[in-house]
Amino acid sequence: MEFLDLSQQISAGGTVRLPGSKSISNRVLLLAALAEGETEVRDLLASDDTERMLDALKTLGVGVDALAGESWRIKGCGGRFPVRQAELFLGNAGTAFRPLTAALALAGGDYVLRGVARMHERPIGDLVDGLRQLGGNVTYLANDGFPPLHLKPATIRAGGTVQVRGDVSSQFLTGLLMALPLTGETATVDVIGELISKPYIEITLAIMARFGVQVQREGWQRFTVPAGSRYVSPGTVYVEGDASSASYFLALGAIGGGPVRVEGVGRDSIQGDVRFAEALAQMGAEIEMGPNWMAARAPKSGLVAVDLDCNHIPDAAMTLATTALFAKGTTTLRNIASWRVKETDRIAAMATELRKLGAVVEEGEDFIRVTPADLKPAAIDTYDDHRMAMCFSLVAFGTPLRINDPKCVAKTFPDYFERFAGVTQAAPVVAIDGPSASGKGTVAARVAAALGFAYLDSGALYRLTALAAQRAGVDWADEERVAAIAAALDVEFLENEIRLDGQLVGDAIRTEAMSAGASKVAALPAVREALLFRQRAFNTKPGLVGDGRDMGSVIFPHAPLKVFLTASAEVRAERRYKQLIEKGLSANLTDLLLDLQQRDERDSQRSVAPLRQERDAKLLDTTGLTIEQAVDQVLVWSREALK
Ligand SMILES: Nc1ncnc2c1ncn2[C@@H]1O[C@H](COP(=O)(O)OP(=O)(O)O)[C@@H](O)[C@H]1O
Ligand SMILES: Nc1ccn([C@H]2C[C@H](O)[C@@H](COP(=O)(O)OP(=O)(O)O)O2)c(=O)n1
């Protein structure tokens, strides 16, 4: 499984130009395809969801041409798709599946619509019932109420009234409304019960109007499309930035200092999720807004918890769940039952993953309640849900963490994590690598103390693994079992001591036998993999100095300062000899030199993370230097690099 490890973040600030809105992009594409005339769609979101829609339209015979940038020319088919029989695969794209179901059910052809397994678990029965009331001929190919679907030509009933439940997914109503003009008749939709996610219906009505169809409405209960309504291209359409995507960056500003400014959505937006900014303001964030931009910064007194009905911002509300980790008090997000039928059961997923970090979470059928706690590093699962991945990136302000399957953000925001990195500053790392007894540990510990940073003695982890394996009677060459031991190591780093399985280890890991053992287990790829996140989890505020063999190359490749510390083999052997004798351990200088040369050889020649000077590492040869001189040089470089 792919993953992304995030260091703890220190601050956030800057400007982000948002990708196009997913909701607007797919609605505009469908209406442009159904319209008379050509439409140029500018600033379209480039993502999985829009790709599914574009592919579907191509399959249906619609002329789709990519122009420069994220612009497309769509040759409208005037309500009649050229291809009358087709099978469409729509992945996990709800914003493609629902409206296409509605449009194709009334478009007079014979179509099969499929998606990924999760899509086949997401209900569509209420939409199908609505289409059947209009005369649609829809069959379920697997389970009643769920995709895949088979659509055959409808027998349209004149002057029909459709009843559709409003409390399931507003995408059903959106789909129906957008398809109604295809009947050619006057058609009315009555919404039964409370309509959820109303702002999404506003988007639908606004875009239909842009394509020349005025929906007459009575509140949120009744919508009528007059006979003879037809879609006509408005020529050029600009897609607004995605307001849900804006929520992550506004939250970053509110948590990480800010200001973080997003461009592409603002006060004049037709997207309901811009109201996320109000929710953030209720938490204390300072918000500024212009017609097409918004900015957020942290309040001096810190964020505070809220108790909020989130029905109007179902997607952006997820961002509040992780923002709550940085607010004083318990946050309750209510009226979010729709989370349960999204890309995943988002209430369950959110609760499970927040608990991994140590947060206190209570969940109900339609609410979630989050109380902050001291956060601890964890590997977060994302459930093929882009919003899970993006929401949990905010957690990096509280603890380093691992995000599994980070590429799921491609659904709406393929370069999310690059943009995240662009407006955040991670806790810095000074990476010190080099051969045995070059002085890494001594120098690293003193530099860490001088800078007020944490210190990671990564070699100790390999030594501890070797020791734990020996104690468990596991051969150092048994990769699988040694890796399992490394993954399960119960260690605690104290000021000047290490506890393994609750007991102080003392010099048991410093013997030459354990040096050799460490070098052997360190050559096993599975062992290195097992220790990777454990090492990165040390990268907390205000910063870290790490020493080892691969700090700069593998563990912290983005470290602002990398040092390669070395000295002649003879000098290093002498240093190690003195060190061992001082500790009261037995040693022989000739053997030590030989051991050290063998170990250098093994550490340099192994296939994974070999010992070598990185191209961007500064070389420091300590053969003729005192400890103080070596420390001073690294401190000079650190102050330059961390400015
Ligand atoms: N620049 C230096 N000059 C002299 N002795 C040093 C220097 N750096 C380190 N030492 C000594 O060498 C020994 C080995 O250093 P250590 O930090 O354990 O190396 P490493 O972590 O690279 O194996 C220590 O006893 C340390 O005091
Ligand atoms: N980041 C690291 C740290 C240590 N190792 C390996 C290589 C060394 O032979 C052993 C022991 O490392 P350690 O830094 O404690 O050893 P020295 O003090 O330099 O002799 O672990 C590694 O492969 N990668």
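Residues numbered from 1 in each chain as written. Chains lettered and ligands numbered in written order. Predicted model: local features only at pLDDT ≥ 70, side-chain atom pairs only at ≥ 80, totals over all residues. Heavy atoms only, no water.

Asker: Is there a simple way to think about the overall build of the chain in this case?
Answerer: Of the regular secondary structure elements, the chain holds 21 helices and 34 strands. Each principal axis of the C-alpha atoms in the chain carries an extent, and together these give about 100 × 50 × 45 Å. The proportion of buried residues among the 643 residues of the chain is 56%. Here the analysis covers contacts within the chain between residues at least 6 apart in sequence; of these, 73% occur between residues at least 24 apart. Distance from the positive charge centre (69 side chains) to the negative charge centre (79 side chains) of the chain: 2 Å. (Helix = DSSP H or I, 4+ residues; strand = E, 2+ residues; numbered from the N terminus. Buried < 20%, exposed > 50% of the residue type's maximum accessible area, 1.4 Å probe, protein only. Contact = heavy atoms within 4.5 Å. Lys, Arg positive; Asp, Glu negative; His and termini not counted. Charge placed at Lys NZ, Arg CZ, Asp CG, Glu CD.)

Asker: So what exactly am I meant to see when it comes to the environment of Glu 362 here?
Answerer: Position of Glu 362 among the secondary structure elements: in strand S22 (residues 360-364). Judged by its relative accessible area of 41%, Glu 362 is partly exposed. Along the backbone, Glu 362 and Asn 311 are 51 residues apart, and their C-alpha atoms lie at a distance of 19 Å. Setting aside chain neighbours within four positions, we find Glu 362 in contact with Arg 355, Phe 367, Ile 368 and Arg 369.

Asker: Help me out: how do you make sense of a nonpolar patch on the surface in this one?
Answerer: Residues Tyr 577, Ile 581 and Leu 589 make up a contiguous nonpolar surface patch of roughly 230 Å² in combined accessible area. In this structure, Leu 589 sits in helix H20 (residues 589-605). (Patch = residues over 30% accessible without salt bridge, like charges linked within 9 Å, V, L, I, M, F, W, Y side chains within 5 Å. Areas by Shrake-Rupley, 256 points an atom, 1.4 Å probe, with all protein chains shown as cover. Salt bridge = Lys/Arg side-chain N within 4 Å of Asp/Glu carboxyl O.)

Asker: Would you mind showing me how to read the site of ligand 1 here?
Answerer: In the vicinity of ligand 1 there are 15 residues, among which Ala 437, Lys 440, Gly 441, Thr 442 and Leu 625 approach most closely. One nitrogen or oxygen atom from the main chain of Gly 439 is found 3.0 Å from an oxygen atom belonging to ligand 1. The contact in question runs from an oxygen atom of ligand 1 to an N or O atom on the side chain of Lys 440, over 2.8 Å. Isolated, ligand 1 exposes 560 Å² of accessible area, and the fraction of that covered by the protein chains is 80%. Where the shell around ligand 1 is concerned, the elements lending two or more residues are helix H13 (440-451) and helix H19 (569-582). Tallied by class, the residues present in the shell around ligand 1 amount to 4 nonpolar, 8 polar and 3 charged. (Near = heavy atom within 4 Å. Polar contact = N/O pair within 3.5 Å; in protein donor to acceptor, adjacent residues only side chain to side chain. Nonpolar A, V, L, I, M, F, W, Y, C, P; charged D, E, K, R; others polar.)

Asker: How should the site of ligand 2 be read in this particular structure?
Answerer: Ser 436, Arg 463, Arg 528, Asp 550 and Arg 599 are the nearest of the 19 residues found near ligand 2. One of the side-chain N or O atoms of Ser 458 is found 2.9 Å from a nitrogen atom in ligand 2. Here an oxygen atom of ligand 2 and a side-chain polar atom of Arg 576 are 2.9 Å apart. Burial of ligand 2 by the surrounding chains reaches 96%, relative to a free accessible area of 510 Å². Within the residue set of the shell around ligand 2, elements represented by two or more residues are helix H14 (458-471), helix H16 (512-521) and H20. The element that contributes the greatest number of residues to the shell around ligand 2 is H14, accounting for 4 residues. Looking at the shell around ligand 2, its residues break down into 5 nonpolar, 5 polar and 9 charged.

Asker: Sorry if this is basic, but what is going on with the sheet that holds strand S24 (residues 379-380) here?
Answerer: Pairing between the strands of a sheet comes from backbone hydrogen bonds, and it takes one of two forms, parallel or antiparallel. Here we have 3 strands laid out as an open sheet, ordered S1-S25-S24, and mixed in their pairing. Two strands lie at the open edges of the sheet, namely strand S1 (3-6) and S24, each paired on one side alone. The pairing of S24 with strand S25 (residues 401-404) spans 2 bridges and is classified as parallel. The partner of Ala 379 across the bridge, within S25, is Arg 402. On the sheet, helix H11 (residues 386-393) packs against S1, S24 and S25 and is oriented at approximately 170° with respect to S25. (Pairing = 2+ DSSP bridges. Axes fitted to C-alpha atoms, helices over the stretch in contact; angles between N-to-C directions.)

Asker: Quick question: what am I supposed to make of the pairing of strand S27 (residues 429-433) here?
Answerer: On a regular strand, each side chain points to the face opposite its neighbour's, so the side chains alternate between the two faces of the sheet. Within S27, 5 of the 5 residues are buried, which leaves it mostly tucked inside the rest of the structure. Because side chains alternate across S27, one face comprises the buried residues Val 429, Ala 431 and Asp 433, and the other comprises Val 430 and Ile 432, equally buried. Sheet topology places S27 next to strand S32 (residues 544-548); 5 bridges connect them, and they run parallel. For Ala 431, the partnering residue across the bridge sits in S32 and is Gly 546. As paired strands, S27 and strand S33 (residues 561-566) are joined by 4 bridges and run parallel to one another. Bridged to Val 430 within S33 is Leu 561.

Asker: What am I meant to see in the domain arrangement of the chain here?
Answerer: One frequent convention defines the size of an interface as the accessible area lost when the parts assemble. Considered domain by domain, the chain is made up of domain 1 (3-18 + 240-425), domain 2 (22-217) and domain 3 (429-642). Taking only C-alpha atoms, the centre of domain 1 and the centre of domain 3 are 37 Å apart. Contact residues are listed per partner, giving 13 residues for domain 1 and 9 residues for domain 3. When the buried surface of domain 1 facing domain 3 is broken down by residue, Asp 5, Gln 8 and Pro 400 rank first, second and third, together holding 42% of it. At the boundary of domain 1 and domain 3, one finds 1 salt bridge. We note a salt bridge from Arg 536 to Asp 5, for which the minimum N-O separation is 2.6 Å. Counting every contact that joins domain 1 to domain 3 gives 4 residue pairs in polar contact (both at pLDDT 80 or more). Looking at the side of domain 1 that touches domain 3, the elements that each hand over two or more residues are S1, strand S2 (9-17) and S25. (Domains from an automatic or database assignment. Buried area = accessible area lost by both parts, 1.4 Å probe.)

Asker: Which parts of the structure should I look at to understand unusual backbone geometry?
Answerer: Trans peptide bonds make up the majority, and among non-glycine residues the majority have a negative phi. Backbone torsion omega between Pro 147 and Pro 148 reads 0°, so that peptide bond is classified as cis. With respect to the helices, strands and loops of the structure, Pro 148 is situated in the loop between strand S8 (137-140) and strand S9 (149-152). For the bond from Lys 541 to Pro 542, the omega torsion is -5°, close enough to zero to count as cis. Take Pro 542: it is sitting in the loop between helix H17 (525-536) and S32. One non-glycine residue, Asp 384, lies in the positive phi region at around 55°. Looking at where Asp 384 falls in the secondary structure, it is placed in the loop between S24 and H11. Judged by its relative accessible area of 45%, Asp 384 is partly exposed. For Asp 501, which is not glycine, the phi torsion reads 50° and is therefore positive. By secondary structure assignment, the location of Asp 501 is in the loop between strand S30 (498-500) and strand S31 (503-504).

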